[in-house]
Amino acid sequence: MKKALLLLTSLLIVISVFAQEKKEIPVSKKDARYELAKTVLSNKTFGILPDDNRTAFNKKNFMGIENEKLILQGVFARQDERFVCDIQNYILKEDKNGNIVVTFDFSGRIVKGNFVISMAKGDNYAEIIETIIISKTDNTNNYMPKPVKLFGEILPASMCEYLKIPNEI
């Protein structure tokens, strides 16, 4: 009797283990944010609000692509104007581990530069490296000596709540 009970218990345990393996594992919130970020990066419809302990929160800080134009303002513009720029050489690469790197160049009326956006698999938090050159009205260039590194979440541009700067260049 004990052997039969032990055998029945073992059989139930094995069956329950196989049943649990067949169930789909629910997608975590981080994985869902990663997939959303991956989609908006590939569609060029993303926005980034910087979120790190070195950048003071300001609703004017924004970088993103809206209507196929790059918008830079606040800390990304290095001044009080809002730059609207064309995008060139947009390349999205995903490695075998799922990490994503996006690179592109941009140019506007008085600004040009490039971005490198790196996002590790598993979340939508990214490292953003921006190099920017702002041309002054007196035909000199204001070279930024070093690229600036920021961090933030990648979201659909339509979900980014930021305060638009009215001075647009």
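For the structure itself, consult the block above.
Quick caveat: nothing in here was measured; it's all calculated off a predicted structure.

Draft legend 1. A look at the pattern of salt bridges. As enumerated under the stated definition, the model contains 7 salt bridges in all. Residues Lys38 and Glu94 are paired through a salt bridge, measuring 3.2 Å at the closest nitrogen-oxygen approach. One end of the pair, Lys38, is in helix 2 (residues 29–43); the other, Glu94, is in strand 4 (residues 79–94), and 56 residues separate them in sequence. You can call Lys38 partly exposed: its relative accessible area is 24%. Residue Glu94 is classed as partly exposed on the basis of its relative accessible area, which comes to 38%.

Draft legend 2. Up close: helix 2. Helix length check: helix 2 (15 residues) gives 21 Å between terminal C-alpha atoms against 21 Å at 1.5 Å per residue, within 8%. Looking at the buried positions of helix 2, the neighbouring elements they touch are strand 1 (46–50), strand 4, strand 5 (100–107), strand 6 (111–119) and strand 9 (148–156).

Draft legend 3. Structural context of the environment of Asp52. For Asp52, the location among the structural elements is in the loop between strand 1 and strand 2 (62–66). Taking the relative accessible area as the measure of exposure, Asp52 reaches 13% and is therefore buried. As a C-alpha pair, Asp52 and Leu150 span 98 residues in sequence and 7.2 Å in three-dimensional space.

The rules we used
- Residues numbered from 1 in each chain as written.
- Predicted model: local features only at pLDDT ≥ 70, side-chain atom pairs only at ≥ 80, totals over all residues.
- Heavy atoms only, no water.
- Salt bridge = Lys/Arg side-chain N within 4 Å of Asp/Glu carboxyl O.
- Helix = DSSP H or I, 4+ residues; strand = E, 2+ residues; numbered from the N terminus.
- Buried < 20%, exposed > 50% of the residue type's maximum accessible area, 1.4 Å probe, protein only.
- Expected span 1.5 Å × (residues − 1).
- Contact = heavy atoms within 4.5 Å.

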